[in-house]
Amino acid sequence: MYYTQEQIDRANQADLVSFLQSHGEQLIRAGNEYRWKRHDSLTVRGNRDSCDYCV
């Protein structure tokens, strides 16, 4: 799949926590990070462009 530089730049500026919450996802705050309630191996740190999958 190919992405334009504009799409990449926009994705890098996205607020992942707000995006997930606006799509009805529940996030649990744990210190400086958030965990996705439905799939707790997804951790969002810093509320922006830092997402780790720890499966």
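Definitions and limits used
- All residue numbers refer to positions counted from 1 along the written sequence of the respective chain.
- Only residues with pLDDT of 70 or above have their local features reported here, since the model is predicted, and side-chain atom pairs are shown and tallied only from 80 upward, although totals for entire chains, interfaces and linings are computed over all residues.
- Excluding hydrogens and water, the side-chain values take into account all heavy atoms of the structure.
- Going along the chain from the N terminus, every DSSP run of H or I of four or more residues is numbered as a helix, and every run of E of two or more is numbered as a strand.
- Three labels apply to residues, based on accessible area from a 1.4 Å probe with only protein chains included: buried if under 20% of the type maximum, exposed if over 50%, partly exposed otherwise in between.
- All accessible areas in this document rest on Shrake-Rupley with a 1.4 Å probe, and a residue is counted as covered only by the protein chains that are shown.
- Strands pair, by our definition, only if DSSP identifies at least two bridges between them.
- Working rule for contacts: check all heavy atoms of both residues, and any pair within 4.5 Å makes them a contact.
- Definition used for salt bridges: Asp or Glu carboxyl oxygen within 4 Å of a side-chain nitrogen of Lys or Arg.

Draft legend 1. Region of interest: the overall build of the protein. Each helix and strand counted, the protein has 2 helices and 4 strands in total. For the protein, the sequential pattern of α-helices and β-strands runs α-α-β-β-β-β. The buried share of the protein, reckoned over its 55 residues, is 18%. Total accessible area computed for the protein in this model is approximately 4,500 Å², and 49% of it derives from carbon and sulfur atoms.

Draft legend 2. Molecular detail of the pairing of strand E3 (residues 42-45). Bridge count for strand E2 (residues 33-36) against E3 is 3 bridges, and the pairing is antiparallel. Bridging from a neighbouring strand, Glu33 pairs with Arg45 of E3. Once E2 ends, the chain turns through 5 residues before running back antiparallel as E3.

Draft legend 3. Representation of the environment of Leu27 in the model. Along the chain, Leu27 falls in strand E1 (residues 27-30). Overall, the relative accessible area of 15% leaves Leu27 in the buried class. Distance in space between the C-alpha atoms of Leu27 and Leu42 is 9.7 Å, their sequence separation being 15 residues. Residues within four places of Leu27 in sequence aside, it is in contact with Val17, Leu20, Gln21, Tyr34, Arg35, Trp36 and Lys37.

Draft legend 4. Examining the pattern of salt bridges more closely. Under the counting rule described, the total for this entry stands at 3 salt bridges. Its salt-bridge partner being Glu25, residue Arg38 comes within 3.1 Å of it at the nearest N-O pair. Highlighted residues: Arg38 in the loop between E2 and E3 and Glu25 in the loop between helix H2 (16-22) and E1, separated in sequence by 13 residues. Residue classification places Arg38 among the exposed positions, given a relative accessible area of 62%. Across the salt bridge formed by Arg35 and Glu33, the nearest N and O atoms sit 3.5 Å from each other. Looking at Arg35, the relative accessible area reads 33%, which means it is partly exposed. A single network of salt bridges, built from pairs that share partners, joins Glu33, Arg35 and Arg45.

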